[in-house]
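Each chain, written out:
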Protein chains: 2
Amino acid sequence: MQDTPPAAAMPAAVTPADALFRPRSIAVIGASSDATRIGGRPIDYTLRAGYTGALYPVNPRGGELQGLRAHASVADIPGSVDLALIALPADAAVQAVEDCIAKGVRAIAMFSAGFAEVSAAGREQQDRMRDRCRAAGVLLLGPNCLGFMNIGAGVMLTFSTVLENIWPKPGRVSMVSQSGAVGAYSAALAMERGIGLDKWVTTGNEADIDVARCIEWLADEPDTGPIMAYLEGCKDMGRLRTALEKAASRGKPVLMLKPGSSPEGMQAITAHTGSDAGDEAAYARLFRETGALRMQSMEQQVDTAYAFANGVFPRSRRIATISISGGVGVLMADAAARAGLKLPTPPAAVQQQIKALIPFSSPFNPYDVTAQIINDMGLFNRILALVAAQDEVDTVFIFLLQLGKVDSHFLGFRDALLEARRQHPHKLFVLCGGYSPNNRASMEAAGFLVFEEPVRAVQTVASLVPPGADDPSGR
Amino acid sequence: MQDTPPAAAMPAAVTPADALFRPRSIAVIGASSDATRIGGRPIDYTLRAGYTGALYPVNPRGGELQGLRAHASVADIPGSVDLALIALPADAAVQAVEDCIAKGVRAIAMFSAGFAEVSAAGREQQDRMRDRCRAAGVLLLGPNCLGFMNIGAGVMLTFSTVLENIWPKPGRVSMVSQSGAVGAYSAALAMERGIGLDKWVTTGNEADIDVARCIEWLADEPDTGPIMAYLEGCKDMGRLRTALEKAASRGKPVLMLKPGSSPEGMQAITAHTGSDAGDEAAYARLFRETGALRMQSMEQQVDTAYAFANGVFPRSRRIATISISGGVGVLMADAAARAGLKLPTPPAAVQQQIKALIPFSSPFNPYDVTAQIINDMGLFNRILALVAAQDEVDTVFIFLLQLGKVDSHFLGFRDALLEARRQHPHKLFVLCGGYSPNNRASMEAAGFLVFEEPVRAVQTVASLVPPGADDPSGR
């Protein structure tokens with residue numbers, strides 16, 4: 001049996017976000033020795049993640065539990081407890097809240113269902129519980145939520161089964177979701193896309209903490225970049241506006257998945273949460289005014305977060321595409337036009353230089369370098385340098401079929417890409433096409449975006465350009 | 001050295017499509033002993049595919065080549081030759097055409113570049129070559145194309161490098177592309193999606209055979225279902241109309257990727273092919289009138305082909321969604337509304353039955369079966385049967401997070417899905433969410449569509465419903 005680790009490893013909780021994200025000690029109330037149960041998974045995950053604070057399982061039977069000493073009650077825990085996770089049925093959960101308040105915990109996360117989502121009596125019970133927490137100065141996340149994670153700190157307080165299939169790596173994208181399943185599935189899609197995650201929060205019934213408040217916290221989290229949000233309805237539009245404005249002021253894009261743009265969707269929200277989906281026009285106006293980007297699918301949200309997490313933002317809507325295939329260049333040009341991007345024509349001198357390198361290529365934008373480059377990658381490398389150096393261009397898309405899957409080809413153009421990136425650190429380079437997992441990861445680490453489908457790449461990257469980024473002269 | 005196989009294994013060529021797709025014998029002129037060269041890959045691929053006809057490499061040096069006896073010239077080949085593949089520089093290719101005509105070949109596929117795409121003189125040479133072929137009654141595919149494949153027959157006459165990374169399996173989707181690279185990359189995406197392919201043709205400079213003519217042939221190919229087409233410009237809109245009408249009359253959807261809907265795209269097409277992109281309004285009208293579905297990306301085209309290849313087409317725009325997550329149900333409802341799909345409200349009796357099974361679920365459409373089903377899959381199975389049996393519903397979407405990745409969960413609902421499919425063979429069942437490769441393949445084989453992203457599933461499936469499929473009463 002492992003001894004409970006010391007409780008002094010984490011900094012003192014000083015803000016509400018600290019209490020949730022950086023607890024020095026965690027009690028899991030309703031802890032299970034079975035690592036596949038709701039009360040067992042958070043312990044298993046947190047142990048596997050190497051959490052360095054104190055982890056106290058609470059179970060009336062006491063004894064040993066997943067290698068930790070279990071305590072019969074919260075009161076029995078020897079040290080102080082910053083955060084309590086409650087994984088009990090509703091009635092027992094209400095009593096556990098009282099125990100937590102008596103113990104002096106700073107924050108509670110509650111999985112328990114059976115409150116406002118099931119009946120008016122449940123709502124009243126939830127409201128009383130919230131009032132008790134507020135009076136005691138204790139944060140309450142949930143109830144009826146899937147918990148939360150601070151990936152970098154190893155705080156994995158969720159029972160989502162997604163972590164059985166894939167494990168998050170630390171990174172800059174944070175997520176907050178009113179729906180546990182949407183949050184879990186979006187996280188799975190993001191992890192499969194290779195995206196590193198910072199914080200992940202599900203808010204469930206939102207007795208106290210809601211999506212707006214989480215966005216406000218995340219705006220202040222130094223390790224968080226893009227914020228993925230899923231919101232069905234917000235009770236306090238003023239707080240949501242404050243949160244979105246704060247994120248915008250910190251330069252953090254909020255990628256907002258807010259269904260209910262159709263009457264069918266609004267009805268479904270009412271059926272799902274029992275709450276009003278609100279006024280779609282008011283949400284649309286709020287998002288427009290605060291610069292939150294409206295998403296239509298989890299896939300689009302994940303793609304966009306991936307692009308923003310890279311950290312290079314084009315300064316204008318002017319792009320160039322270099323393609324081994326004239327046809328793919330044409331498809332990208334169409335997609336660029338639909339997305340409001342511009343393809344500036346190169347200066348005559350550049351046209352002549354390209355024409356001198358590949359007589360039968362198209363020296364215009366989109367640039368068609370033809371399959372000839374397969375036999376002489378130096379041609380591509382020189383054209384890339386010419387195109388990347390143009391002042392008129394802030395984003396360069398490169399499509400080389402599946403050459404990135406074959407190392408003998410890849411090594412022929414990798415260094416030229418890295419050099420272009422080094423020479424032009426403020427420009428965005430987007431690789432489209434097939435890359436092996438290793439080659440993909442190495443190029444991503446070097447600051448490139450990699451998309452398998454060129455049209456999807458163009459559509460996604462278009463949302464990175466700040467509104468009004470182009471000078472009016474249309475340089 | 002392997003003996004040249006006998007030339008009588010294939011049926012006699014009787015139609016132009018037979019000459020191309022079902023040659024009893026193939027000469028590869030400009031054959032290389034190096035399986036990675038342009039003149040070597042088609043031989044390597046065709047041998048690996050188990051082509052049962054006669055394969056004759058032609059190379060002035062004679063001797064052995066990739067295990068086959070090489071012939072110094074076409075004239076030296078002992079038997080008759082149905083099809084000749086020419087992989088030589090332009091001038092030599094022109095001479096080879098004369099040799100082929102003298103030998104009595106029925107069709108020629110030509111990789112060679114350096115014709116109409118490079119100069120006026122090249123265009124004249126190409127026109128003369130075409131006229132010679134026409135006068136002799138010989139089909140000419142290309143020049144400047146990536147060749148073609150008849151996957152089921154093992155005829156793999158392409159030098160695309162894509163086959164180095166992934167190998168096609170026989171199936172019902174055929175593809176024709178004016179651009180070799182678009183054709184190759186779309187094929188790669190389709191293969192990665194697990195789609196089986198029938199015929200694959202790239203038309204290049206289209207001296208003789210164009211995309212329209214290939215569509216017409218594919219409309220008659222018994223093994224072809226959906227037809228993916230990439231078209232930059234068509235010289236004969238009348239022939240294209242005839243082809244699209246023929247495909248429609250055979251019930252074969254044409255999924256048309258035709259760029260040039262923007263001025264930028266049209267300019268790029270002119271730069272790429274030297275030809276006019278044509279009148280966008282005329283193409284849009286033609287596609288609308290013939291029922292060709294306009295695609296915007298290779299990814300969308302592949303997704304749609306995947307859905308059509310399944311062979312079950314919903315009879316109406318009325319769908320139901322069953323989701324373990326209320327939030328995902330809401331997202332699907334929004335997507336359905338955007339795509340013009342309807343979510344009928346269930347009869348009161350069905351509502352009561354569902355409510356009796358899961359008191360806290362939403363007994364309406366979208367159906368929210370809640371995470372409770374994880375503990376009792378029988379609840380999901382009974383609700384699935386109730387929903388699938390509704391006359392009002394022709395497509396059922398099912399979202400179960402990533403339960404399909406874990407066999408212990410998957411086995412809890414697999415049989416209920418199979419039973420629903422058996423009971424309602426005319427309805428379409430769409431699984432959304434995460435499935436292991438094995439579970440995915442087994443469900444696809446059983447007639448289910450599987451999509452990872454629910455919104456993308458809804459968007460794609462909407463295009464399967466024939467126009468006007470709903471009765472005016474909106475049943």
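Note that the coordinates shown come from a computational prediction; the quantities given were computed from them, not determined experimentally.

1. Describing the confidence of the model for chain A
Residue and element names in this part refer to chain A.
Stage number 1. Overall, the prediction assigns chain A a mean pLDDT of 92, with 94% of residues at 70 or greater.
Stage number 2. Between residues 1-10, whose pLDDT stays under 50, and residues either more than four places distant or in other chains, the model counts 32 contacts.
Stage number 3. Between residues 471-475, whose pLDDT stays under 50, and residues either more than four places distant or in other chains, the model counts four contacts.

2. Notes on helix α13 (residues 348-357) of chain A
Residues and elements named next belong to chain A.
Stage number 1. Those residues of α13 that sit buried are V350, Q351 and I354. Projected onto a plane normal to the axis of α13, the buried residues spread over an arc of 100 degrees and lie on a single side. Exposed and oriented more than 90 degrees from the buried face of α13 are Q352 and A356.

3. A word on the interface of chain A and chain B
Stage number 1. Of the residues lining the interface, 55 residues belong to chain A; the matching set on chain B comes to 55 residues.
Stage number 2. Summing the contributions of chain A and of chain B, the shared interface buries around 4,800 Å²; its carbon and sulfur component is 61%.
Stage number 3. Inspection of the chain A/chain B interface yields four salt bridges.
Stage number 4. Residue K405 of chain B pairs with E192 of chain A through a salt bridge whose shortest N-O separation is 3.0 Å.
Stage number 5. Scanning the region where chain A abuts chain B turns up 26 residue pairs in polar contact (both at pLDDT 80 or more).
Stage number 6. The set of elements that each furnish at least two residues to the side of chain A that touches chain B consists of α5 (162-165), α6 (180-192), α9 (263-273), α11 (298-309), α12 (326-338) and α18 (454-462) of chain A.
Stage number 7. Tallying contributions element by element places α12 of chain A first for the side of chain A that touches chain B, with nine residues.
Stage number 8. By residue class, the composition of the side of chain A that touches chain B is 27 nonpolar, 16 polar and twelve charged.

4. Some points on the sheet that holds strand β18 (residues 428-432) of chain A
All names here are of chain A.
Stage number 1. Strand order in the open sheet formed by five strands is β16-β15-β17-β18-β19, and the pairing between neighbours is parallel. A strand with exactly one partner marks an edge of an open sheet, and here the two such strands are β16 (367-368) and β19 (449-451).
Stage number 2. One ladder, built from five bridges, connects strand β17 (residues 395-399) with β18; its direction is parallel. Opposite V396, over in β18, you have F429 as the bridge partner.
Stage number 3. In the packing of α12 onto the sheet, the strands contacted are β15 (319-323), β16, β17 and β18, and the crossing angle to β15 comes to about 160 degrees.

Rules used in this analysis
Residues numbered from 1 in each chain as written. Chains lettered and ligands numbered in written order. Predicted model: local features only at pLDDT ≥ 70, side-chain atom pairs only at ≥ 80, totals over all residues. Heavy atoms only, no water. pLDDT = per-residue confidence, 0-100. Contact = heavy atoms within 4.5 Å. Buried < 20%, exposed > 50% of the residue type's maximum accessible area, 1.4 Å probe, protein only. Helix = DSSP H or I, 4+ residues; strand = E, 2+ residues; numbered from the N terminus. Arc of directions from axis to C-beta. Buried area = accessible area lost by both parts, 1.4 Å probe. Salt bridge = Lys/Arg side-chain N within 4 Å of Asp/Glu carboxyl O. Polar contact = N/O pair within 3.5 Å; in protein donor to acceptor, adjacent residues only side chain to side chain. Nonpolar A, V, L, I, M, F, W, Y, C, P; charged D, E, K, R; others polar. Pairing = 2+ DSSP bridges. Axes fitted to C-alpha atoms, helices over the stretch in contact; angles between N-to-C directions.

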